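So you can see what is in the structure, the chains are spelled out below.
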Amino acid sequence: MESQRRNTNRRRESRRHQEQMQQHVIIGLICLIVAVLVFGVLKIVNSDIFAGKYRERIGAHIDPVKPEIDVQLLTINPYSRPGIKTDEITGIVVHYTANPGATAMNNRDYFESLKDNHENQVSSNFVIGIEGEIVQCIPTWEVAYASNSRNSDTISIECCHPDETGEFTDETYRSMVQLCAWLCLKFGLNETDVIRHYDVTGKNCPKYFVENEKAWDAFQENIRLSMKNVPES
């Protein structure tokens with residue numbers, strides 16, 4: 001009888017162990033399926049994250065710095081908005097429009113017209129107007145035809161000016177500082193990552209900042225100060 005009881009207990013223990021193992025296997029399979037599904041959804045939503053390319057930072061300390069932006073995206077076309085995805089953003093390039101007195105929307109509409117007249121291949125992610133208005137022409141995750149060899153890893157900003165000197169109005173200047181500070185925070189950059197078109201190709205652009213190095217240094221310092229005054233999240 002004692003032997004039978006021991007055998008019965010061993011069988012019960014064995015069944016209990018098998019049931020526990022089965023439960024562990026089922027739980028493991030469920031976790032694996034959930035992980036695969038989550039990975040698949042994230043990959044569909046933003047495949048570039050997994051490719052190590054375009055990525056943005058988020059946080060409560062970034063959004064309050066964002067300036068007011070009038071989003072007027074160009075139509076996708078080969079001449080001004082090719083729809084090509086950028087690589088990881090490593091810089092911001094400042095330009096001047098070289099057409100004194102034109103507004104931000106004037107320049108945006110010129111970019112848009114290229115899809116029909118095919119006169120040129122040129123554009124910019126943002127245009128800042130003489131009164132400080134900011135117009136976005138192309139998403140930050142798409143290439144703009146602005147900065148030559150740096151098109152694929154930079155954000156471009158065209159800046160309007162009232163006369164041939166290329167000097168910016170106070171309103172334009174303030175918007176330039178604020179937009180650059182926000183973009184630096186958004187992409188994990190600092191003020192030294194904000195460069196001139198001149199620094200890419202040697203072109204006299206933006207004219208005023210190329211011909212006045214101290215003004216350019218002061219501009220970068222203002223960006224730094226704007227970022228420094230932002231509280232961490």
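Attention now moves to the sheet that holds strand β2 (residues 91–96). Taken together, the six strands give an open sheet; going across it, the order is β1-β4-β3-β5-β2-β6, and neighbouring strands pair in mixed fashion. Both outer strands of the open sheet, β1 (70–71) and β6 (194–196), are each paired with one neighbouring strand and no more. Here strand β3 (residues 126–128) runs beside strand β4 (residues 134–136); their pairing, made up of three bridges, is antiparallel. Pairing of V127 across the sheet is with V135, part of β4. Against the sheet, helix α4 (residues 170–187) contacts β2, β3, β4, β5 (154–159) and β6, and its axis sits at roughly 175° relative to β5. Along the sheet face, helix α7 (residues 213–228) touches β2 and β6 and points at about 160° away from the line of β6.

Here we come to helix α3 (residues 104–117). Given 3.6 residues per turn, any residue in an α-helix points the same way as the ones three and four places further on. Relative to the 20 Å expected for 14 residues at 1.5 Å per residue, α3 spans 20 Å between its end C-alpha atoms, a close match to the ideal helical length. All of the buried residues along α3 are A104, N107, R108, F111, E112 and L114. At its buried positions, α3 is contacted by β3, β4 and β5. Backbone geometry just after α3 places H118 at a positive phi near 55°.

Within a regular strand, side chains alternate between the sheet's two faces. Burial of β5 is extensive: six of the six residues sit out of reach of the surface. The side-chain alternation of β5 yields two buried faces, one formed by T154, S156 and E158 and the other by I155, I157 and C159. Note that β2 and β5 share six bridges and pair parallel. Each residue of the ladder has a partner; that of V93, found in β5, is S156. Where β3 meets β5, three bridges bridge the pair, whose relative direction is parallel. Counterpart to I128 in the pairing with β5 is C159.

Let us look at the packing of aromatic side chains. Applying the stated criterion to the full structure yields nine aromatic pairs. Relative to F187, the ring of Y54 has its centre 5.6 Å away and its plane inclined at 70°; by these criteria the two rings are edge-to-face. Taken as a pair, Y54 in the loop between α2 (47–51) and β1 and F187 in helix α4 lie far apart in primary sequence, 133 residues in all. For the pair Y54 and F187, a shared accessibility class is recorded, and that class is buried. Aromatic pair Y208 and F209: ring centres 6.2 Å apart, planes at 55°, arrangement tilted. Among the residues examined, Y208 registers a relative accessible area of 21% and is labelled partly exposed.

Now for the pattern of salt bridges. Scanning the entire structure with this criterion turns up twelve salt bridges. Note that R196 and E213 form a salt bridge whose closest N and O atoms lie 3.1 Å from each other. Placement of R196 in strand β6 and of E213 in helix α7 is noted, with a sequence separation of 17 residues between them. Under the relative-accessibility criterion, R196 is labelled buried at 5%. One salt bridge connects E221 with R224, and the closest N-O pair in it is separated by 2.7 Å. Of this pair, E221 and R224 both sit in helix α7, three residues apart, which is roughly one turn of the helix. Within the structure, one salt-bridge network assembled from shared partners comprises R108, D109, E112, K115 and D116.

Moving on to the environment of E164. With respect to the helices and strands, the residue E164 is situated in the loop between β5 and α4. Judged by relative accessible area, which is 61%, E164 ranks as exposed. Along the chain, E164 and A98 lie 66 residues apart, while their C-alpha atoms are 7.7 Å from each other. Those residues in contact with E164 that sit more than four places away from it in its chain are P100 and K207.

By the element assignment, T97 lies in the loop between β2 and α3. Given a relative accessible area of 15%, T97 falls into the buried group. For T97, the side chain forms a polar contact with the side chain of H161, separated by 3.4 Å. Aside from chain neighbours lying at most four places away, what touches T97 is N107, E158, C159, C160 and H161.

Conventions adopted
Residues numbered from 1 in each chain as written. Predicted model: local features only at pLDDT ≥ 70, side-chain atom pairs only at ≥ 80, totals over all residues. Heavy atoms only, no water. Pairing = 2+ DSSP bridges. Helix = DSSP H or I, 4+ residues; strand = E, 2+ residues; numbered from the N terminus. Contact = heavy atoms within 4.5 Å. Axes fitted to C-alpha atoms, helices over the stretch in contact; angles between N-to-C directions. Expected span 1.5 Å × (residues − 1). Buried < 20%, exposed > 50% of the residue type's maximum accessible area, 1.4 Å probe, protein only. Phe/Tyr/Trp six-rings, centres within 6.5 Å; stacked < 30°, edge-to-face > 60°. Salt bridge = Lys/Arg side-chain N within 4 Å of Asp/Glu carboxyl O. Polar contact = N/O pair within 3.5 Å; in protein donor to acceptor, adjacent residues only side chain to side chain.

On their own, these measurements won't tell you what the molecule is for.
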